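Survey of secondary and tertiary structure
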Amino acid sequence: MNTGKVDVLLGLQWGDEGKGKVVDVLTPHYDVVARFQGGPNAGHTLEFQGHKYVLRSIPSGIFQGGKTNSIGNGVVLAPDLFMEEAKELEKSGHDLKSILHISKKAHLIMPTHRILDRAYEAAKGKDKVGTTGKGIGPTYTDKVSRNGLRVGDITNGFSDKYAAHKARHMQMLKALGWSDFEGFEEVEQKWMQGVEYLRQFQLVDSEHELNNLLRSGKSILCEGAQGTMLDVDFGSYPFVTSSNTICAGACTGLGVGPNKIGNVFGIMKAYCTRVGAGPFPTELFDETGAAIRNIGHEYGAVTGRERRCGWIDLVQLRYSIMIDGVTKLIMMKSDVLDSFETIKACVAYKLKDGSLTTELPYEIDDVEPVYKEFPGWKTDMTKFTHQEQFPEAFNNYVKFLEDYLETPICIISIGPDREQTIVIK
Ligand code: GDP
Ligand code: IMO
Ligand code: MG
């Protein structure tokens, strides 16, 4: 339904909430899906009809019958990885060239950005962020310091621009004492092939295109990557990514005005996970954490790394909802808790001085979570088809979350498949 506004869908925790699945589920209600930030650090998983796909830079609206999918200016794109991802989809019969539009203002991740990512991480030693190694930080750094290379540059004096940027990066790597360039030529060659491949796509002024579509009555869903706690301004800095993952990122990453934002769908797991380093107040180091990891298959879609697991953190979620202006919540992976005796939710933090707070403080390294316990529902819900089947204990948990977070839950996901989705009336 078109309301003259775009809807935004984004993660409220530390990423991997299940954004890809839900964008796919919601796409039939929209004409356009537009990704607004991040890059191949993202891994958005979709499952339907026995197939599983992991998307990195390509929006999650491509599987729902020829809808327009747009990669916005806020995204950083690695041509070689993009080519790999798109060709894999072509092999399975999904031709993207007619439906995928790419902003000329999106920035390119160069092979040297990926080396810089590794070099900066190595220089940080034990304080490293635990990045995905995809060159995200260095590419956004170049963008902000006005040194970036953009998609639009591939049609205009590209070789010279590339050479100048590469030379600058090599100087920086030299200053960092970096000497590992193994396999670089091969990577660079593939990257150049990726640039040629990129030329076959519709490279557009996506800010004009999206606003014109909106004016002509089309409906648009904006897809975020990562999660609010990885936002460069409001996340658990410095253990964050290098973009604005919050709702405002849809404005800057697509060129839509703040008065054009309609519904903001905030996605959360029924528990919480994080990959990489950094604070995580409700992290569990015991067998409960291990059980969540095993049942929820909590391993990174991009790097295969073990995801850290813990209970849902309502202090953190309330903060994200505030920053993002969330209007509707979507709860994912509740099925992972189906067999638990007891389920906990963090409702406050105890600070070092012994006081309690429900406002996310500047430092969350040494806060102690205060939990409320709920009896588990102990019911396999993965084959349920409507909300009337939910057991009472589950309804009580959901009601508590909605009341505490002061936001309605509109979808509950009970398994990875497209079909395992319950829309709440
Ligand atoms: P994204 O980055 O936010 O798109 O999330 P990821 O794809 O990285 O991680 C979510 C993982 O959970 C994927 O493996 C999904 O297939 C899976 N998933 C999504 N929703 C559900 C659900 O409701 N239950 C279960 N068990 N798995 C889910
Ligand atoms: P999706 O879109 C989970 C994390 C990394 C690291 C930090 C910085 O699938 O939810 P970067 O490579 O971005 O410089 O890494 O951010 N990170 C993610 N964690 N899901 C993601 O994306 C992530 N993208 C980056 O693990 O801690
Ligand atoms: Mg992911």
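Scope of this entry: the structure provided in the associated data block. None of the values given here were measured: they were computed from a predicted structure. (Residues numbered from 1 in each chain as written. Chains lettered and ligands numbered in written order. Predicted model: local features only at pLDDT ≥ 70, side-chain atom pairs only at ≥ 80, totals over all residues. Heavy atoms only, no water.)

1. Here we look at unusual backbone geometry
To keep things clear, this is the line we draw: By the criteria applied, helices consist of DSSP H or I runs no shorter than four residues and strands consist of E runs no shorter than two, each listed in order from the N terminus. Three labels apply to residues, based on accessible area from a 1.4 Å probe with only protein chains included: buried if under 20% of the type maximum, exposed if over 50%, partly exposed otherwise in between.
Of note, the amide linkage connecting Tyr237 to Pro238 takes the cis form, showing an omega dihedral of 5 degrees. For Pro238, the position within the fold is in the loop between strand S10 (220–227) and helix H8 (248–254). Even without a glycine there, the phi angle at Arg146 is positive, about 65 degrees. Within the fold, Arg146 resides in the loop between helix H4 (136–144) and helix H5 (158–175). Residue classification places Arg146 among the exposed residues on the basis of a relative accessible area of 77%.

2. With respect to the nonpolar core
Our working definition: Side-chain atoms within 4.5 Å are what join buried Ala, Val, Leu, Ile, Met, Phe, Trp, Tyr and Cys residues into a set we call a nonpolar core. Contacts are assigned to residue pairs that have any heavy atoms within 4.5 Å of one another.
Ranked by internal contacts, the top residues of the largest apolar core, which has 66 residues, are Val8, Ile220, Leu314, Met331, Leu401 and Leu405. Per-element accounting of this core gives the leading share, six residues, to helix H11 (residues 392–405). If sequence neighbours within four positions are ignored, Leu401 has contacts with Met268, Ile312, Leu314, Met331, Glu406 and Ile409. Counting 31 residues, the second-largest nonpolar core is a separate cluster that includes Leu46, Ile71, Leu77 and Val195.

3. Quick look at the site of ligand 1
Worth spelling out the cut-off: The near set for a molecule or strand comprises every residue that places at least one heavy atom within 4 Å of it. Polar contacts, as used here, are pairs of N or O atoms within 3.5 Å; protein pairs need one atom able to donate a hydrogen and one able to accept it. Residues neighboring in sequence count only if both atoms are side-chain atoms. Using a 1.4 Å probe, the Shrake-Rupley method yields the accessible areas, and only the shown protein chains count as cover for residues.
Taken together, the neighbourhood of ligand 1 is formed by 19 residues, with Gly18, Lys19, Thr45, Asp335 and Ser413 sitting nearest. Within the contact set of ligand 1, an oxygen atom lies 2.8 Å away from a backbone nitrogen or oxygen of Gly43. The side chain of Arg307 places a nitrogen or oxygen atom 3.2 Å from an oxygen atom of ligand 1. Compared with its free state, where it exposes 580 Å², ligand 1 has 93% of that area covered by protein. Contributions of two or more residues to the shell around ligand 1 are made by helix H1 (19–26) and strand S3 (44–48).

4. Concerning the coordination of the magnesium ion (ligand 3)
Operational definition: For Na, K and Ca the donor cut-off is 3.2 Å; for every other metal, N, O and S atoms count as donors within 2.8 Å. Water does not enter the count, which can leave sites looking incomplete.
For the magnesium ion (ligand 3), the protein coordination sphere consists of Asp16 (OD) and Gly43 (O), at 2.1 to 2.2 Å. On the criterion of sequence distance, the pair formed by Asp16 in the loop between strand S1 (6–11) and H1 and Gly43 in the loop between strand S2 (32–35) and S3 is long-range, its members being 27 residues apart.

5. Side note on the site of ligand 2
For clarity, the threshold we go by: Charged residues are taken to be Asp, Glu, Lys and Arg, nonpolar residues to be Ala, Val, Leu, Ile, Met, Phe, Trp, Tyr, Cys and Pro, and polar residues to be all remaining types, Gly included.
By nearness alone, 21 residues border ligand 2, and Asp16, Lys19, His44, Thr132 and Thr241 come closest of all. Between ligand 2 and His44 there is a distance of 2.7 Å, counted from an oxygen atom to a side-chain nitrogen or oxygen. Thr132 places a polar side-chain atom, nitrogen or oxygen, 2.6 Å from an oxygen atom of ligand 2. Of the residues that constitute the shell around ligand 2, the class distribution is eight nonpolar, 10 polar and three charged.

6. Some words on the pattern of salt bridges
Applied cut-off: Think of a salt bridge as a Lys or Arg side-chain nitrogen and an Asp or Glu carboxyl oxygen that are within 4 Å of each other.
In the structure shown here, the tally under the stated rule is 25 salt bridges. Lys105 is paired through a salt bridge with Glu207; the nearest N and O atoms lie 2.5 Å apart. Residue Lys105 is found in the loop between strand S7 (100–103) and strand S8 (107–108), and its partner Glu207 is found in helix H7 (residues 206–215); the two are separated by 102 residues along the sequence. When the shortest N-O distance is used, the salt bridge between Lys425 and Glu388 registers 3.8 Å. With a gap of 37 residues between them, Lys425 in the segment after strand S20 (421–423) and Glu388 in the loop between strand S18 (368–375) and H11 connect regions that are remote in the sequence. The exposed category is assigned to Glu388, whose relative accessible area is 56%. What emerges from the salt-bridge pattern is a single network uniting Asp16, Lys269, Glu298, Arg307 and Lys333.

7. Looking at the sheet that holds S7
Our working definition: Paired strands are those between which DSSP finds at least two bridges. Only the contacting stretch of a helix is used when fitting its axis, a line to C-alpha atoms as for every element, and angles between N-to-C directions run 0 to 180 degrees.
Pairing in this open sheet of 10 strands is mixed, and the strands run S9-S7-S5-S2-S10-S1-S11-S15-S19-S20 from one edge to the other. Two strands lie at the open edges of the sheet, namely strand S9 (202–204) and S20, each paired on one side alone. Each strand of the sheet is rotated relative to its neighbour by a mean of 20 degrees, with strand direction disregarded. The pairing of S1 with S10 spans five bridges and is parallel. Each bridged residue has a counterpart across the sheet, and for Val8 the counterpart in S10 is Cys222. Contacts between H1 and the sheet are confined to S1, S2, S10, strand S11 (261–269), strand S15 (328–332), strand S19 (409–413) and S20, with S10 contributing the most and set at about 170 degrees to the helix.

8. Points about the packing of H5 against helix H6 (residues 184–198)
Stated formally: By convention the crossing between two helices is left-handed if the near helix lies anticlockwise of the far one by an angle smaller than a right angle, and right-handed if it lies clockwise.
Following both chains from N to C, one finds H5 and H6 inclined at 145 degrees, their axes separated by 14 Å at the closest point. Every pair of crossing elements has a handedness; the one defined by H5 and H6 is right-handed. From H5, Phe158, Tyr162, Lys166 and Met170 reach across to H6, where they touch Phe184, Glu188, Trp191, Met192 and Val195. The residue makeup of the contact of H5 with H6, split by class, is seven nonpolar, no polar and two charged.

9. Observations regarding the packing of aromatic side chains
Put simply, the rule is: Any two of the Phe, Tyr and Trp rings considered here, Trp counted by its six-membered ring, make a pair once their centres fall within 6.5 Å; the pair's planes then place it as stacked at under 30 degrees, edge-to-face at over 60, or tilted in between. Two conditions define a charge sitting above a ring: the NZ of Lys or the CZ of Arg must be within 6 Å of the ring centre, and it must be within 35 degrees of the ring normal.
One pass over the structure, following the stated rule, counts 19 aromatic pairs. Taking the centre distance of 6.1 Å and the plane angle of 50 degrees together, the rings of Phe82 and Tyr197 count as tilted. Of the two residues, Phe82 sits in helix H2 (residues 79–91) while Tyr197 sits in helix H6, which places them 115 residues apart along the sequence. Residues Phe82 and Tyr197 agree in their burial class; the two are buried. Cation over ring: Arg318 sits above Tyr404, and NZ or CZ is 4.2 Å from the ring centre. Residue placement shows Lys372 over the ring face of Phe374; its charged tip is 5.4 Å from the ring centre.

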